[in-house]
Structures are given as structure tokens and as C-alpha cells.
Amino acid sequence: MVTHMSGKPIYLQIADELRDLIGAGTLAPGDRVPSTNELSAYHSVNPTTSAKALTELFNEGLLEKRRGLGMFVLESAREQVLRTRREAFARDFVQPFVHEANQLGITTEELTAMIEKERTQ
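It should be emphasised that the depicted structure is a prediction, and the values quoted were computed from it without experimental measurement.

*Asks:* Got a minute to help me understand the overall build of the chain in this structure?
*Replies:* The helix and strand inventory of the chain stands at five helices and two strands. Mapped from its N terminus to its C terminus, the chain presents α and β elements in the order α-α-α-β-β-α-α. Over its C-alpha atoms the chain spans a radius of gyration of 19 Å, topping by over 25% the 14 Å that the globule rule assigns to 121 residues. Principal-axis analysis of the C-alpha atoms places the extent of the chain at approximately 60 × 35 × 25 Å. Counting over 121 residues, the chain shows a buried share of 24%.

*Asks:* I tried to follow the environment of glutamine 80 on my own but got confused; where do I start?
*Replies:* Tracing the chain through its elements places glutamine 80 in helix α4 (residues 77-104). Taking the C-alpha atoms as reference points, glutamine 80 and leucine 62, separated by 18 residues in sequence, lie 7.7 Å from one another. Setting aside residues up to four positions removed in sequence, glutamine 80 forms contacts with Glu60, Gly61 and Leu62. At 2.6 Å, the side chain of glutamine 80 and the backbone oxygen of glutamate 60 are in polar contact.

*Asks:* What's the story with the UniProt feature "domain: HTH gntR-type" (unreviewed entry) in the chain in this structure? I'm lost.
*Replies:* As recorded in UniProt, the sites labelled "domain: HTH gntR-type" (unreviewed entry) are residues 8-76. What you have in residues 8-76 is 52% helix and 12% strand, and the ends, taken at the C-alpha atoms, are 26 Å apart.

*Asks:* Just to check I follow, could you spell out a nonpolar patch on the surface for this structure?
*Replies:* Residues Phe89, Phe93, Val94, Phe97, Val98 and Ile115 make up a contiguous nonpolar surface patch of about 530 Å² in total accessible area. Along the chain, isoleucine 115 falls in helix α5 (residues 108-120).

*Asks:* Could you clarify how one ought to interpret the packing of aromatic side chains in this entry?
*Replies:* Each pair of aromatic rings is reported with the distance of its centres and the angle of its planes. All chains considered together, the criterion is met by one aromatic pair. Here the basic side chain of lysine 52 rests over the ring of tyrosine 11, its NZ or CZ set 4.2 Å away from the ring centre. Just above the ring of phenylalanine 72 sits the side chain of arginine 66; from NZ or CZ to the centre is 4.0 Å.

What counts as what
- Residues numbered from 1 in each chain as written.
- Predicted model: local features only at pLDDT ≥ 70, side-chain atom pairs only at ≥ 80, totals over all residues.
- Heavy atoms only, no water.
- Helix = DSSP H or I, 4+ residues; strand = E, 2+ residues; numbered from the N terminus.
- Rg over C-alpha atoms; globule rule 2.2 N^0.38 Å.
- Buried < 20%, exposed > 50% of the residue type's maximum accessible area, 1.4 Å probe, protein only.
- Contact = heavy atoms within 4.5 Å.
- Polar contact = N/O pair within 3.5 Å; in protein donor to acceptor, adjacent residues only side chain to side chain.
- UniProt positions renumbered as here; feature names shortened; annotations may be inferred.
- Patch = residues over 30% accessible without salt bridge, like charges linked within 9 Å, V, L, I, M, F, W, Y side chains within 5 Å.
- Areas by Shrake-Rupley, 256 points an atom, 1.4 Å probe, with all protein chains shown as cover.
- Salt bridge = Lys/Arg side-chain N within 4 Å of Asp/Glu carboxyl O.
- Phe/Tyr/Trp six-rings, centres within 6.5 Å; stacked < 30°, edge-to-face > 60°.
- Lys NZ or Arg CZ within 6 Å of the ring centre and 35° of its normal.

Set out below in C-alpha cells:
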């Protein structure tokens, strides 16, 4: 759910929420995404805000417009969302993690053991 307390613009929060649904497969290829009015009512925002969110996803190549029917998830959307998230994960988490491990003299084997321990808990 979007929040006005976040520093991120509301339309980007809505776009992120839709990306989450696409990435999780909840909105599958060929599915119709909620309309501008549906998103506006759900999030209690102006229709222009919802339209900006949908335009953002359209411009990223995740959605297609079908005249008179609405916006639909493209076949490649989930793969694209996951690829983008993996790249961001590597940049935002793995690279700093490995950098810090190198600074502390932690070996690859030790890192692997730490990760395996966390994944089994």
C-alpha cells in the first residue's frame, strides 16, 4: 500500500507495487492491470497520479495498451522486472557486502558459510 509518508512520489510507489505484482507472477502475462480509475479509488489518489504510474510501466515496456480494453502485462514483463531487480540487488547489496567482507579479511568460504547459515534459519 502506498503511503504519503514516504519520500518517493506516490505515482512511483504505485508503479513499484504493480512491478511487485508482476515480479511475483500475481499479474501474469496477458493479464489486464487495474485501470486508472480503479487504482485511484483503491489508493485514494487523483486519477492523474494513477495514470502516471501506468505510463511509467508502459514506457518501461512492461505493459501494452489495447484500445478500449485497457493496459495489459506483456509476455516479457516478469523476466524484465526480475532482471532489473537482480541488477539492483547486486549493486545495492552484494557489492557493498563483498567490499565490507574484503575490508574485514573474510574469505569467500566464510561468506558462503554465513549466507548458508542465514538461509537455513
